[in-house]
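Summary of the model geometry
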Amino acid sequence: MEKEKNNAGSFTGVPEICHTPDVPVVGTGKQVVLLIAILAGFITPFDGSAVNIALPVLGAEFHMDAIALSWVATAYLLSSALFLVPFGKIADIYGRKKIFLYGITIFSLSSLIMTMVSSTEMLIGVRVIQGIGSAMIFGTGVAIVTSVFPPGERGKALGIYITAVYIGLSIGPLLGGAMTQYLGWRSIFFVNVPIGIITILLILWKIKGEWAECRGEKFDLTGSIIYGAAVVAVMYGFSVLPDFKGAALIAMGILGIIIFALYEMRIPSPVLDITLLTKNRIFAFSNLSALINYSATFAVTFLLSLDLQYTKGFTPGHAGSILIVQPIVMAMISPVAGRLSDRIEPRIVASAGMAFTALGLFLLIFLTETTPIWYLVVILIILGVGFGLFSSPNTNAIMSSVDRRFYGVASGMNGTMRLLGQMLSMGIAMMIFAIIIGPVQITPAYYPQFVLSLHYAFILFTAFCILGVFASLVRGKRSPTAQTSTPEKDKR
């Protein structure tokens, strides 16, 4: 059996082929799928990094305090995290291409609506819708690439895909800063629309057929609701700390996660097969490493963007031109790291990346209002090397450790760890702001408290990353075929 191309050169991925382990797709099929994944992988991080650089302008226009400003980023992350695993499972049941297409459409439409918002509530509400579209994209994009590329080529393909993500991150601060300064912040959302339309047309024109290894399974709605409620409780709890209500919500969320795990172990078609975490060491610790890495790093760009524009007095464009250093280095390192993970243990490459990241975060602890820019640039280079070495090998390890029928769930789980880590990172930043600055706008009178907040945040993030090095190292070695045996539950 092999993939077929129709007369137009489009890619036909019939479901039966997807049941055959590691069948390579030949011809233009793989390149078309990778191109579509690259376009989708570009616009979502571009949106996030561009929004971060525009936050001070948004705060001034809508009169938002530091905590409300954080929710512009957090609302997007929260809704994405809520739906990533459920949409990954839905994609395995009903088709990854279909869910991917719906996700691109929702993300593009919500980006267009973002150019028309007129209040803080509407702004955050549409960011929630954007997050849902993003969940549908990230819950399927990596799974589709993994379905198409065999283990010997998978790390390279994932490295190229993640490079596109980093290019989006790279262009976001620079282009987003310039557009915010000269065209207004709404223009950064409009850019997503034409890219989204091109991606939609490519999917409809070039990809025929579907990937749906779990067709016919029942979707676990109850488990998805329990999971979603637990995630919301934890994240909202972080946003209202140090109030007792925040601690209570976090405790309820943790209890909800335990209930979710127990429930999933008792039903025949869970939204998340818990045995993937309990019986697959590589999968479990690779996801834990991703959670720790993003928990320690995501808020860094947010905090440095505010620092450059508030305490240093830079324009959004100038701040973006400095912050672009980190993702450029990431984009240069990631393809190399992906190819390395095809040849040597991904845990070695990823652990080295985590160590570089810990070093960069440690150096950020010593930032002051008078820190020279060259010092910050050196740190951004170190962080870029660390992120680049970690991401694609870790993703390769996750996707290569499960059976093909779990690709959607594994992709969703990987994305969920990323987003939960990002939310935790933002939650820590919001908690520190709430304790040290309080619910006020960041003005020159509060700059000393703001800088103190940065110090506490970077101390915590450094500790997280040091822990992450050990979590990455203990994941174990992959099998010679780069695919571990799947849990017994998979063989039903």
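Residues numbered from 1 in each chain as written. Predicted model: local features only at pLDDT ≥ 70, side-chain atom pairs only at ≥ 80, totals over all residues. Heavy atoms only, no water.

1. Side note on the overall build of the protein
Helices and strands together make up the secondary structure of the protein, namely 19 helices and three strands. Scored against the burial criterion, the 492 residues of the protein give a buried share of 63%. Long-range contacts, defined here as pairs at least 24 residues apart, represent 84% of the contacts in the protein between residues at least 6 apart. Surface summary for the protein: the accessible area is close to 17900 Å², and the carbon and sulfur share equals 72%. (Helix = DSSP H or I, 4+ residues; strand = E, 2+ residues; numbered from the N terminus. Buried < 20%, exposed > 50% of the residue type's maximum accessible area, 1.4 Å probe, protein only. Contact = heavy atoms within 4.5 Å. Areas by Shrake-Rupley, 256 points an atom, 1.4 Å probe, with all protein chains shown as cover.)

2. Quick look at the layout of surface pockets
When its volume is computed, the largest pocket comes out at roughly 600 Å³. Secondary-structure elements contributing two or more residues to the lining of the largest pocket are helix H10 (221–240), helix H11 (244–264), helix H13 (281–310) and helix H18 (407–436). Here the element with the most residues in the lining of the largest pocket is H18; it accounts for six residues. When grouped by side-chain class, the residues that make up the lining of the largest pocket number 22 nonpolar, two polar and no charged. (1 Å grid on protein atoms, 1.4 Å probe; cavity = no way out; pocket = protein on both sides within 12 Å on 5 of 7 lines; lining within 4 Å. Points joined across faces, edges and corners; volume = space filled by probe spheres on them. Nonpolar A, V, L, I, M, F, W, Y, C, P; charged D, E, K, R; others polar.)

3. Some details on the pattern of salt bridges
Under the definition given, this model contains three salt bridges. Between Arg127 and Asp47 there is a salt bridge whose closest N-O contact spans 2.6 Å. Note that Arg127 is positioned in helix H5 (residues 120–138) and Asp47 in helix H2 (residues 29–62), a separation of 80 residues in sequence. Summarising the burial analysis for this pair, Arg127 and Asp47 share the class buried. For Arg186, the salt bridge is made with Glu61, and the minimal N-O distance between the two is 3.1 Å. Here the residue Arg186 occupies a position in the loop between helix H7 (151–182) and helix H8 (187–190), and Glu61 occupies one in helix H2, the gap between them amounting to 125 residues. (Salt bridge = Lys/Arg side-chain N within 4 Å of Asp/Glu carboxyl O.)

4. Some points on the environment of Leu204
Counting through the fold element by element, Leu204 comes out in helix H9 (residues 192–206). Since its relative accessible area comes to 48%, Leu204 is described here as partly exposed.

5. As for the side chain of Gln309
Its location among the elements puts Gln309 in helix H13. By relative accessible area, which is 11% here, Gln309 ends up buried. Here Ser305 takes part through its side chain, which lies 3.1 Å from a polar atom of the side chain of Gln309. Setting aside residues no more than four positions away along its own chain, Gln309 makes contact with Ile53, Pro56, Phe314, Thr315, Pro316 and Ala319. (Polar contact = N/O pair within 3.5 Å; in protein donor to acceptor, adjacent residues only side chain to side chain.)

6. Section: the confidence of the model for the protein
Per-residue confidence for the protein gives a mean pLDDT of 78, with 86% of residues at or over 70. For the stretch residues 1–28, pLDDT sits under 50, and the model shows 65 contacts to residues farther than four places along the chain or on other chains. This model gives residues 480–492 a pLDDT under 50, and the stretch forms 33 contacts once residues within four places in sequence are excluded. (pLDDT = per-residue confidence, 0-100.)

7. Examining the packing of helix H16 (residues 346–364) against helix H19 (residues 447–473)
Look at H16 against H19: their axes get within 8 Å of each other, and the N-to-C directions meet at 165 degrees. As summarised for this structure, H16 and H19 are arranged roughly antiparallel, according to the angle between their axes. Crossing angle aside, the handedness with which H16 passes H19 is left-handed. Residues Arg347, Ala350, Ser351, Met354, Ala355, Thr357, Ala358, Leu361, Phe362 and Leu364 of H16 form the contact with H19, whose participating residues are Phe458, Phe461, Thr462, Cys465, Ile466, Gly468, Val469, Ser472 and Leu473. (Axes fitted to C-alpha atoms, helices over the stretch in contact; angles between N-to-C directions. Parallel < 35°, antiparallel > 145°, perpendicular 65-115°, else oblique. Left-handed = near helix turned anticlockwise from the far one by under 90°.)

8. Focus on a nonpolar patch on the surface
Nonpolar side chains collect at one region of the surface, where Ile254, Ile258, Leu262 and Met265 lie side by side and expose about 390 Å² of accessible area between them. In this fold, Ile254 is placed in helix H11. (Patch = residues over 30% accessible without salt bridge, like charges linked within 9 Å, V, L, I, M, F, W, Y side chains within 5 Å.)

9. Some remarks on the nonpolar core
Counting residues in each nonpolar core, the largest one holds 134 residues, and the members touching the most others are Leu123, Leu303, Leu304, Leu364, Phe458 and Phe461. The element best represented in this core is H2, accounting for 16 residues. Look past the residues within four positions of Leu364 in its chain and what remains in contact with it is Val300, Leu304, Leu376, Ile379, Leu383 and Phe458. Counting five residues, the second-largest nonpolar core is a separate cluster that includes Ala337, Val349, Val385 and Leu389. (Core = buried A, V, L, I, M, F, W, Y, C linked by side-chain atoms within 4.5 Å.)

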